Amino acid sequence: MKAIQTCVILFICTISFTCFADVSVIVHPSNSSAITEDDISRMFLGKNKSFANGNSVDPVNAKYGNGAREEFEDKVLGKSKSQMKAYWSKLIFTGKGKPPKELSSDEDIIAFVASNPDAIGYVASDKVNDKVKVIK
């Protein structure tokens, strides 16, 4: 009986680790700006509107329900889903900002970033290809 319980616990732990994929922050390959983790956070919160090289920034989010978005908001932005919704609701209501556009899949985000030199996005690390540059 103890062996079965141990196996069940190990199985559950394995499943929970696969639900949280590593997230990679990506930019267009031509983007040579130095970008810190604080810069990334400020870009996705609408506080930083340009890269260090002066080009405007065009951030793109994954839609809610995508595990990469939940992990990105938690680990990089330090906010929960409800905190993010409240944050953007306030900025939209006061006319002080609008949230980054949302795309449905990691593949859509990669295609957008690969075709837009001013874009920044994030995807599950196992989805990254040579069309984009990983910065974090």
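How each quantity is defined
Residues numbered from 1 in each chain as written. Predicted model: local features only at pLDDT ≥ 70, side-chain atom pairs only at ≥ 80, totals over all residues. Heavy atoms only, no water. Salt bridge = Lys/Arg side-chain N within 4 Å of Asp/Glu carboxyl O. Helix = DSSP H or I, 4+ residues; strand = E, 2+ residues; numbered from the N terminus. Buried < 20%, exposed > 50% of the residue type's maximum accessible area, 1.4 Å probe, protein only. Phe/Tyr/Trp six-rings, centres within 6.5 Å; stacked < 30°, edge-to-face > 60°. Lys NZ or Arg CZ within 6 Å of the ring centre and 35° of its normal. Contact = heavy atoms within 4.5 Å. Polar contact = N/O pair within 3.5 Å; in protein donor to acceptor, adjacent residues only side chain to side chain.

Turning our eyes to something else, we now look at the pattern of salt bridges. Applying the stated rule across the entire model yields five salt bridges. A salt bridge links Glu107 to Lys127; the nearest nitrogen and oxygen atoms lie 3.8 Å apart. Taken together, the positions of Glu107 in helix α5 (residues 106-115) and Lys127 in the loop between β4 (119-124) and β5 (133-134) put the pair 20 residues apart, joining distant regions of the chain. Using a relative accessible area of 48% as the deciding quantity, one classes Glu107 as partly exposed. Overall, Lys127 belongs to the partly exposed group, its relative accessible area being 37%. One continuous salt-bridge network, built from bridges that share partners, spans Arg69, Glu73 and Glu102.

Let's shift gears to the packing of aromatic side chains. Under the definition given, this model contains four aromatic pairs. Measuring from centroid to centroid gives 4.1 Å for Phe72 and Tyr122, while their planes differ by 5°, and the two rings are stacked. Here Phe72 is found in helix α3 (residues 67-77), whereas its partner Tyr122 is found in strand β4, with 50 residues between them in sequence. Grouping residues by exposure puts Phe72 and Tyr122 together as buried. Between Tyr87 and Trp88, the ring centres sit 5.2 Å apart and the planes meet at 85°, which makes this aromatic pair edge-to-face. This pair shows no difference in class: Tyr87 is buried, exactly as Trp88 is. Three or more aromatic residues joined by ring pairs form one cluster here, namely Phe44, Phe72 and Tyr122. Between the NZ or CZ atom of Arg69 and the centre of the ring of Tyr64, over which it lies, the distance is 3.6 Å. Against the face of Tyr64 rests Lys85, its NZ or CZ located 5.1 Å from the ring centre.

The next point concerns α3. Count 3.6 residues to each turn of an α-helix, and residues three or four apart come out pointing the same way. Three or more residues of α3 are buried, namely Ala68, Arg69, Glu71, Phe72, Glu73 and Leu77. Considering only its buried residues, α3 is in contact with β1 (23-27), α2 (37-44), β2 (58-62), α4 (81-94), β3 (101-103) and β4. N-capping of α3 is provided by Asn66, with a side-chain oxygen placed 2.7 Å from the backbone N of Ala68. One or two residues past the end of α3 sits Gly78, with phi positive at roughly 70°.

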